[in-house]
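# Inside the fold
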Amino acid sequence: MEKEYRKYVDYLIREIKMYPKFKYDTIYFGGGTPSLLPVEMIREIMDELEWSENAEITLELNPTDMTLEKLKEIQEIGINRLSIGIQSFQNHVLKFLGRLHSGEDAVRVFRDARNAGFENISIDLMFGIPNQSLEDLKKDLETILQLSPENISIYSLIWEEGTVFWSKLQKGLLSEMDQDLEAEMYEEIMNFLQKNGYVHYEISNFSKKGMGGVHNLKYWRNKEFIGAGLSAATYYKGKRYSNVRAFSKYYRCIEENIFPVDDKSIETVDKEEEE
């Protein structure tokens, strides 16, 4: 895999160089599992970027294959915020989702991140999963309270066409959660987190006071951002667009020194929407 990582990072850096130099106030390594990259390659990407003194620099990671040593290395190269894809602390829920980590792995990685020096950690929590009970969710919330992350992102299961879940739904192997129960779960999350000092600052996000994700808020405030890499989304110079999804197309575009944009995704934002 190292050879594939090396090629991708080299091309990603070439794409970054195609844009003008900016001083960024947020940088977000996400969309997939960027933490799989060797830390040295993440550092190489960061070396191509300039950022302000108090910039928020986030790295998404999953609890699998993450050690205290690697977390320390990640912190040392300048990453100052983590977004951990935990989803649930209940093992039967994680198994249903096809996650490779256990609830115990999730707790261990979170605590390792604290020991590595991270003072700004966000975790993902899912609800509305077919085999998940309200009691499962309450246990997740109690664990979250014990860990005390700065940010919690919540998501319900989306039945997206073309996914394994969608296929099983169509075959009758799965059924959607009762809407009343899903609504009750959302209410439980809101009430529990707000009661315990978290601010509901955006539909899917809660944070400790003053610790909301700066990068997330850019999307909600309609601020421009540049995305680099496969499938990355961008909002730049009044246009929204996404990069191509196939490696072959991505590499070919970079080799031809043209932006690897999916032409079908280009959308011009009118002045009223910009404001």
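All of the points below concern the structure found in this document. (Residues numbered from 1 in each chain as written. Predicted model: local features only at pLDDT ≥ 70, side-chain atom pairs only at ≥ 80, totals over all residues. Heavy atoms only, no water.)

### Thoughts on the overall build of the chain
Defined as follows: Only DSSP runs of H or I with at least four residues qualify as helices, and only runs of E with at least two residues qualify as strands; both kinds are numbered from the N terminus onward. Atoms counted for the radius of gyration: C-alpha only. Globule rule: 2.2 Å times residue count to the power 0.38. Should any heavy atoms of two residues lie within 4.5 Å, those residues are counted as being in contact. Working definition of accessibility: Shrake-Rupley area with a 1.4 Å probe, residue cover restricted to the visible protein chains. Only four residue types enter the tally: Lys and Arg on the positive side, Asp and Glu on the negative side, with His and both chain ends excluded. Note on charges: their place is set at NZ of Lys, CZ of Arg, CG of Asp or CD of Glu.
When you go through the chain residue by residue, the secondary structure sums to 11 helices and 10 strands. Against the compact-globule benchmark of 19 Å for 275 residues, the chain has a radius of gyration of 20 Å, which places it among compact chains. When contacts within the chain are restricted to residue pairs at least 6 apart in sequence, long-range pairs at least 24 apart make up 67% of them. Element-wise, carbon and sulfur atoms account for 48% of the exposed surface of the chain, whose accessible area totals about 15100 Å². Between the mean site of the 34 positive side-chain charges and the mean site of the 48 negative ones, the chain shows a separation of 3 Å.

### Section: the packing of helix H6 (residues 134-147) against helix H8 (residues 179-195)
We apply this condition: Where helices are involved, their axes are fitted lines through C-alpha atoms of the stretch in contact, as for all axes, and angles between N-to-C directions lie from 0 to 180°. Comment on the angle field: the value is read as roughly parallel under 35 degrees, roughly antiparallel over 145, roughly perpendicular from 65 to 115, and oblique elsewhere. Note on convention: the crossing is left-handed when the near helix lies turned anticlockwise from the far helix by less than a right angle, right-handed when the turn is clockwise.
Running from amino to carboxyl end, H6 crosses H8 at an angle of 20°, the nearest separation of the two axes being 10 Å. In terms of orientation, H6 lies roughly parallel with respect to H8. H6 and H8 meet at a crossing whose hand is right-handed. Note on element contacts: H8 touches H6 through Leu 181, Glu 184, Met 185, Glu 188, Ile 189, Phe 192 and Leu 193, opposite Leu 134, Leu 137, Lys 138, Leu 141, Glu 142 and Leu 145.

### Quick look at the nonpolar core
Rules: Among the buried residues, those of types Ala, Val, Leu, Ile, Met, Phe, Trp, Tyr and Cys that are joined through side-chain atoms within 4.5 Å form a nonpolar core. For every residue, the accessible area (1.4 Å probe, protein chains only) is compared with the maximum for its type, and the residue is labelled buried under 20%, exposed over 50%, or partly exposed between those bounds.
Counting residues in each nonpolar core, the largest one holds 59 residues, and the members touching the most others are Phe 29, Ile 79, Leu 82, Ile 84, Ile 123 and Ile 189. With seven residues, the single largest contributor to this core is helix H1 (residues 2-18). Setting aside residues up to four positions removed in sequence, Ile 123 forms contacts with Ile 84, Ile 86, Phe 89, Phe 110, Ile 144, Pro 149, Asn 151, Ile 152 and Ser 153. Listed in part, the six residues of the second largest apolar core include Phe 96, Leu 97, Met 126 and Leu 157.

### Focus: the packing of aromatic side chains
Inclusion rule: Only the six-membered ring of Trp is used, alongside the rings of Phe and Tyr, when aromatic pairs are assigned; centres must lie within 6.5 Å, and planes under 30 degrees apart are stacked while those over 60 apart are edge-to-face, with the rest tilted. Criterion for a charge above a ring: Arg CZ or Lys NZ at most 6 Å from the ring centre, at most 35 degrees from the ring normal.
A complete count under the given rule lists 11 aromatic pairs for this structure. Note on Tyr 8 and Phe 247: the rings are 5.9 Å apart at their centroids and 80° apart in plane angle, and the pair reads as edge-to-face. With a gap of 239 residues between them, Tyr 8 in helix H1 and Phe 247 in helix H10 (residues 247-255) connect regions that are remote in the sequence. Looking at Phe 247, the relative accessible area reads 45%, which means it is partly exposed. Chaining the aromatic ring pairs together yields one cluster made of Tyr 8, Tyr 11, Phe 247, Tyr 250 and Tyr 251. Residue placement shows Arg 14 over the ring face of Tyr 11; its charged tip is 4.9 Å from the ring centre. Of note, Arg 240 hangs over the ring of Tyr 235, and the distance from its end group to the ring centre comes to 4.1 Å.

### Let's talk about the sheet that holds strand E5 (residues 151-156)
Each strand in a sheet pairs with its neighbour through backbone hydrogen bonds, running either in the same direction (parallel) or in the opposite one (antiparallel). Condition: Two strands pair if DSSP finds at least two bridges between them.
Overall, mixed pairing links the seven strands, which are arranged E1-E2-E3-E4-E5-E7-E6 in an open sheet. Single-partner strands in this sheet number two, and they are strand E1 (23-29) and strand E6 (199-202). Taken over all neighbouring pairs, the strand axes of this sheet differ in orientation by 20° on average, direction set aside. In this structure, E6 lies alongside strand E7 (residues 205-207), joined through three bridges in antiparallel fashion. The residue of E7 that forms the bridge with His 200 is Phe 206.

### Side note on the pattern of salt bridges
We apply this condition: The term salt bridge refers to a pairing of a side-chain nitrogen on Lys or Arg with a carboxyl oxygen on Asp or Glu at a separation within 4 Å.
In total, this model carries nine salt bridges according to the counting rule given. For the salt bridge of Asp 10 with Arg 6, the shortest nitrogen-to-oxygen distance reads 2.8 Å. With Asp 10 and Arg 6 both in helix H1 and four residues apart, this pair spans about one turn of that helix. Given a relative accessible area of 34%, Asp 10 falls into the partly exposed group. Using a relative accessible area of 27% as the deciding quantity, one classes Arg 6 as partly exposed.

### So, unusual backbone geometry
Despite not being glycine, Asn 222 has its phi angle at roughly 60°, a positive value. Along the chain, the position of Asn 222 falls in the loop between helix H9 (214-220) and strand E8 (233-236). At Asn 257, a position not held by glycine, the phi torsion is positive, near 60°.

### Notes on the sheet that holds E8
The sheet built from three strands is open, its strands ordered E8-E9-E10 with antiparallel pairing. Strands at the two margins of the open sheet, each flanked by one partner only, are E8 and strand E10 (267-268). Inspection of the sheet shows strand E9 (residues 239-242) paired to E10 by two bridges, in the antiparallel sense. Considered in E10, the bridge of Arg 240 is made with Glu 267.

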